[in-house]
Amino acid sequence: MIRTFTQDDVIRYVYHETSEEESKEIEKAMLCDAELQTMYKEISGVKNRLDAAQKAPSDMVVNNILNYSKSLNLLSNK
Amino acid sequence: MEKYKISDSKLVSLYKLGSEEAFEQLLDRHKFRVFTTIYLIVKDNYVAEDLLQETFIKAIRTIKEGRYNEEGKFLPWILRIAHNLAIDNFRKEKRYPTVILEDGSSVFNTLQFAEDSIESAQIKQDTHVKLRQLIDELPDAQREVLVMRHYMDMSFQEISENTGVSINTALGRMRYALINLRKKMKQYNIAYDQNIYPR
């Protein structure tokens, strides 16, 4: 028998918080449940977008951090 | 989560031994996630950059002084430092509010660096900027869970422990956040890839 899954289960699945067994069951359920499959596609789509929307700091700040680290290394080598 | 050839803990060990290249790799791997987490809390680019610097300086000192806990994982640890600094700053700013523009910079920054305005106009076209604005517009409770789960990579169990709500409530907030974002993305015509198949 195929278990019934909720939207929250799909979210846990998308964020890799389901056990291997549960994941297989969700995948099986998605094959027969169009609504669940649509939910999965939409949530995964938003998740990918959130990854792509990550912001980059300026090179200046990154260099400041690297220089700070190097300056500590120089001090400890003296 | 991305998989790397050399683990973070190995890089930390190499850095302790004096390898600056190892630290550069750590910074390169995690700067986007740490910066985005801070930015989504403070909503000001310049403040977020200051806090990013502060976060990594704290991390550098902790590692160099031998106070880094080897058993923990680097990313959750540094994200926790970033989150705490951002929250402290957010609370301070609440007492002295600044006007934040659509692109996330304050009026003060725009006045001080007038040459940024052309760039800002271009950035406004960027759908990523729009998406970050949509995240900003989420109710606080939903945004908090979204940032913690998505950018800080905390489990729903950890979120529940840190925010004092049940796992189901945290999951529910995440569900509303994602559904709200999806609706708004459709409304603003922000494309998202639906051609995804089960992992």
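Above this text sits the structure in question.
The residue count restarts for each chain, going from 1 along the sequence in the order it is written. Lettering for chains starts from A, numbering for ligands starts from 1, and both go in the order in which the items are written. For a predicted model such as this one, the threshold for reporting local features is a pLDDT of at least 70, and the threshold for listing and counting side-chain atom pairs is 80 or more; totals across whole chains, interfaces and linings nevertheless cover every residue. Heavy atoms from the whole structure form the basis of all side-chain values; hydrogens and water molecules are not counted.

Q: Can you walk me through the overall build of chain B in this structure?
A: For chain B, the count of helices and strands is 10 helices and 0 strands. Burial status across chain B gives 44% buried among its 199 residues. Any pair of residues with heavy atoms lying within 4.5 Å of one another is described as a contacting pair. Considering only residue pairs separated by 6 or more positions, chain B has 59% of its internal contacts joining residues 24 or more positions apart. Carbon and sulfur atoms make up 50% of the accessible area of chain B, which amounts to about 10900 Å² in all. A run of H or I in DSSP counts as a helix once it spans at least four residues, and a run of E counts as a strand once it spans at least two, with each numbered from the N terminus. Relative accessibility decides the category of a residue: with a 1.4 Å probe and only protein chains considered, values under 20% of the type maximum give buried, values over 50% give exposed, and everything between is partly exposed. Here, Shrake-Rupley sampling with a 1.4 Å probe gives the accessible areas, and only protein chains in the shown set may cover a residue.

Q: It is not clear to me how the overall build of chain A should be interpreted in this structure. Could you clarify?
A: Regarding its fold elements, chain A presents 4 helices and 0 strands. Ordered by position in the sequence, the α and β elements of chain A form the string α-α-α-α. Counting the 78 residues in chain A, one finds 47% classified as buried. For chain A, restricting intrachain contacts to residue pairs at least 6 apart in sequence, the fraction spanning at least 24 positions comes to 50%. When the accessible surface of chain A is split by element, carbon and sulfur atoms take 51% of a total near 4400 Å².

Q: Looking at this structure, how should I read the pattern of salt bridges?
A: Between side chains of opposite charge, a pair can form as their charged atoms come close. Between Lys or Arg on one side and Asp or Glu on the other, a salt bridge is scored when a side-chain nitrogen of the former is within 4 Å of a carboxyl oxygen of the latter. Applying the stated criterion across every chain yields a total of 13 salt bridges over all chains. Close ionic contact of Glu137 of chain B with Lys184 of chain B constitutes a salt bridge, the shortest N to O distance being 3.5 Å. You can see Glu137 of chain B sitting in the loop between α7 (127–136) and α8 (140–151) and its partner Lys184 of chain B sitting in helix α10 (residues 167–187), a full 47 residues away along the chain. According to the relative accessible area criterion, Glu137 of chain B is partly exposed, its value standing at 43%. Each member of the salt-bridge network shares a partner with another, and the members are Asp9, Arg12 and Glu22 of chain A.

Q: Explanation requested: the packing of helix α1 (residues 7–14) of chain A against helix α3 (residues 34–52) of chain A in the structure shown.
A: Two packed helices can be described by the angle between their axes and the distance between those axes. Residues and elements named next belong to chain A. All axes are obtained by fitting lines to C-alpha atoms, using only the stretch in contact for helices, and the reported angles, taken between N-to-C directions, cover 0 to 180 degrees. Between α1 and α3, whose axes approach to 10 Å, the crossing angle comes to 45°. The angle between the axes of α1 and α3 places the two elements in the oblique class. Considering only the axes of α1 and α3, their crossing is right-handed. Here Gln7, Val10, Ile11, Tyr13 and Val14 of α1 lie close against α3, whose contacting residues are Leu36, Met39, Tyr40, Ile43, Ser44 and Lys47. An angle counts as roughly parallel when it lies under 35 degrees, as roughly antiparallel when it exceeds 145, as roughly perpendicular when it falls between 65 and 115, and as oblique in every other case. Two helices cross in a left-handed way if the nearer one is turned anticlockwise from the farther one by less than a right angle. They cross in a right-handed way if the turn is clockwise.

Q: Teacher, can you tell me more about the packing of helix α9 (residues 156–163) of chain B against α10 of chain B here?
A: All names here are of chain B. Direction vectors running N to C along α9 and α10 enclose 105°, while the axes themselves pass 8 Å from each other. With respect to their mutual orientation, α9 and α10 come out roughly perpendicular. Side by side, α9 and α10 meet where Phe156, Gln157, Ile159 and Ser160 of the first sit next to Ile167, Ala170, Leu171 and Met174 of the second. In terms of residue class, the contact of α9 with α10 is made up of 6 nonpolar, 2 polar and no charged. Each residue gets one of three labels, nonpolar for Ala, Val, Leu, Ile, Met, Phe, Trp, Tyr, Cys and Pro, charged for Asp, Glu, Lys and Arg, and polar for the others, Gly among them.

Q: Quick question: what am I supposed to make of unusual backbone geometry here?
A: Apart from glycine, the bulk of residues carry a negative phi angle, and the bulk of peptide bonds sit in the trans form. Backbone geometry places His16 of chain A, a non-glycine residue, at a positive phi of 55°. The topology assignment puts His16 of chain A in the loop between α1 and α2 (20–32). Residue Lys43 of chain B is not a glycine yet carries a positive backbone phi of 60°. Of note, Lys43 of chain B is situated in the loop between α2 (20–42) and α3 (45–64). Under the relative-accessibility criterion, Lys43 of chain B is labelled partly exposed at 21%.

Q: Explanation requested: the interface of chain B and chain A in the structure shown.
A: Many structure descriptions define interface size as the accessible area lost when the parts assemble. Between chain B and chain A, the residue contacts involve 52 residues of the former and 41 residues of the latter. As a working definition, buried area equals the accessible area (1.4 Å probe) given up by two parts on being put together, with both sides summed. The contact between chain B and chain A buries some 4500 Å² in all, and 62% of this surface belongs to carbon and sulfur atoms. In this assembly, chain B and chain A are joined by 4 salt bridges. Of the charged contacts, one joins Glu42 of chain A and Lys186 of chain B as a salt bridge, the two residues approaching to 3.3 Å between their closest N and O atoms. Each polar contact in these results corresponds to two N or O atoms within 3.5 Å; when the atoms are within protein, one needs to be able to donate a hydrogen and the other to accept it, and residues that are neighboring in sequence are counted only if both atoms are side-chain atoms. Joining chain B to chain A, the criterion identifies 18 residue pairs in polar contact (both at pLDDT 80 or more). Mapped onto the side of chain B that touches chain A, the elements with two or more residues apiece are α2, α3, α7, α8 and α10 of chain B.

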